[in-house]
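As a plain string of letters, each chain reads:
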Amino acid sequence: MFKKILGLALASTLLFTGCSAGNNDKKDDKTSDNGKDKPVVLQVAFENSMSEPLGQGVQKWADLLSEKSNGNMKIEIFPDSQMGDKADIIDSMLIGENVCTLADGAFYADYGVNDFGIVFAPFLFDSWDDCWKLVDSDWYKDQCDKLEEKGLKIVSSNWVYGDRHTMTVNPVNNVDDLKGMKIRVPGNKIQSIGFDSLGATSVGMALGDVYQALQTKTIDGAENPISTLYGRKLHEVAKNLILDAHVKNFTTFVVSADWFKSLTEEQQQMLIDTANEAGLYNNEVQAKQEEEYLNKMKEEGVNVVVPDADVMKGFKEKAESFYTHSDEFGWSEGLYEKVKAAMGK
């Protein structure tokens, strides 16, 4: 379905805030019929469970926002795809509804900001420092501006979702073992072609459907950070994990640009500040729980492959074909070089 949106972003004033900055057009507070202020409510919906670090981070955000606004701003949480998939939620944003979800550059590319998709390119980042340098760059702010023009406003970009690894029914010891395997990916072009470039056959599918698809052998594997793989219990039906870290996945929280503009400047800034504070909390939880989850997987019979330098070289060489699709992605000329320069490389 052809999707319209409007764009996003103002220059960030804090490291990691990326596209988040308050709107200068101050609006009056909403009031109820009896003259008292009504709380501003934001419904935050996502595919993950509350037991995952991401869910815990969103709960922290809700607590912080309620506390710092004295109860005048509230977050209602809808985990486990309760409000539909990411596309459904973003479509609601585009008509101005008070909803929020996490999304990444690969999804924003499908909504008309083509260059944003490169942040999900396989093996683009060598370290998390590379990610944060890019988030704090003028290039990133420009992508946010373009997204806001499409109707979407990023309020936080400093959330670690995790290194994305590959879990499969049959063992994968090197990139050649992926040939012909049907691997579930989120439903966007960037991630689909990213895995196709590794020799697999990508299958777009909602996260909530993956367990059964693995169980019935409809697919051969899935990719996600360890916390999500474990949180969704995929290791019960796919007993092989290769730590290929094909994407360093930072994520963003996005809202309707029109809804954001309806807030006062103080409310806008409070939403941004608490989202970023919760993002740092999420990152701490991610780092701690990733190791715990990996150990639990091993204890529960998962075969974990730690690829050596030669195996990783094979993955990266195979992934180079991804960048030959720049015309298909609609990327601007020299995008890869611009992004590397923005990271100081």
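Residues numbered from 1 in each chain as written. Predicted model: local features only at pLDDT ≥ 70, side-chain atom pairs only at ≥ 80, totals over all residues. Heavy atoms only, no water.

Student: Could you give an account of unusual backbone geometry, with specific residues and numbers?
Tutor: Not every positive phi belongs to a glycine, and asparagine 70 is a case in point at roughly 55 degrees. As for its placement among the helices and strands, asparagine 70 is situated in the loop between helix H1 (53-68) and strand E3 (73-78). Among the residues examined, asparagine 70 registers a relative accessible area of 69% and is labelled exposed. (Helix = DSSP H or I, 4+ residues; strand = E, 2+ residues; numbered from the N terminus. Buried < 20%, exposed > 50% of the residue type's maximum accessible area, 1.4 Å probe, protein only.)

Student: Give me the packing of H1 against helix H10 (residues 265-299): which residues, what numbers.
Tutor: Across the interface, H1 lies against H10 with an axial gap of 8 Å and an inter-helix angle of 150 degrees. The orientation of H1 with respect to H10, classified from their angle, is roughly antiparallel. Judged by the twist between their axes, the crossing of H1 over H10 is right-handed. Residues Pro53, Leu54, Gln56, Gly57, Lys60, Trp61, Leu64, Leu65 and Lys68 of H1 form the contact with H10, whose own contacting residues are Met270, Leu271, Thr274, Ala275, Glu277, Ala278, Tyr281, Asn282, Val285, Gln286, Gln289 and Tyr293. Considering only residue class, the contact of H1 with H10 consists of 12 nonpolar, six polar and three charged. (Axes fitted to C-alpha atoms, helices over the stretch in contact; angles between N-to-C directions. Parallel < 35°, antiparallel > 145°, perpendicular 65-115°, else oblique. Left-handed = near helix turned anticlockwise from the far one by under 90°. Contact = heavy atoms within 4.5 Å. Nonpolar A, V, L, I, M, F, W, Y, C, P; charged D, E, K, R; others polar.)

Student: Go over helix H4 (residues 128-135), please, and point to the residues and values.
Tutor: Among all positions in H4, only Asp130, Cys131, Trp132, Leu134 and Val135 are buried. Against the buried residues of H4 lie helix H5 (138-148), strand E6 (152-168), strand E10 (240-256), H10 and helix H13 (335-342).

Student: Can you explain the side chain of asparagine 282? Please cite residues and give values.
Tutor: Along the chain, asparagine 282 falls in helix H10. Among the polar contacts listed, one links the side chain of asparagine 282 to the side chain of asparagine 283, at a separation of 3.0 Å. Residues within four places of asparagine 282 in sequence aside, it is in contact with Pro53, Leu54, Gly57, Trp159 and Val160. (Polar contact = N/O pair within 3.5 Å; in protein donor to acceptor, adjacent residues only side chain to side chain.)

Student: Explain the side chain of serine 92 residue by residue, including any values.
Tutor: Looking at the element boundaries, serine 92 is found in helix H2 (residues 86-93). Filtering out sequence-adjacent residues up to four positions away, serine 92 remains in contact with Glu97 and Val99.

Student: Which residues make up the pairing of strand E7 (residues 182-185), and what are the values?
Tutor: Relative to strand E8 (residues 201-204), E7 runs parallel, the two being bridged by four bridges. Bridge pairing in E8 places arginine 184 opposite valine 203. For the crossover that starts at E7, traverses helix H6 (residues 189-196) and ends in the parallel E8, the hand is right-handed. Bridging between E7 and strand E9 (residues 221-224) involves two bridges; their strand directions are parallel. Within the sheet, the bridge partner assigned to isoleucine 183 lies in E9 and is glycine 221. (Pairing = 2+ DSSP bridges. Right-handed = clockwise from strand over helix to strand, strands pointing away.)

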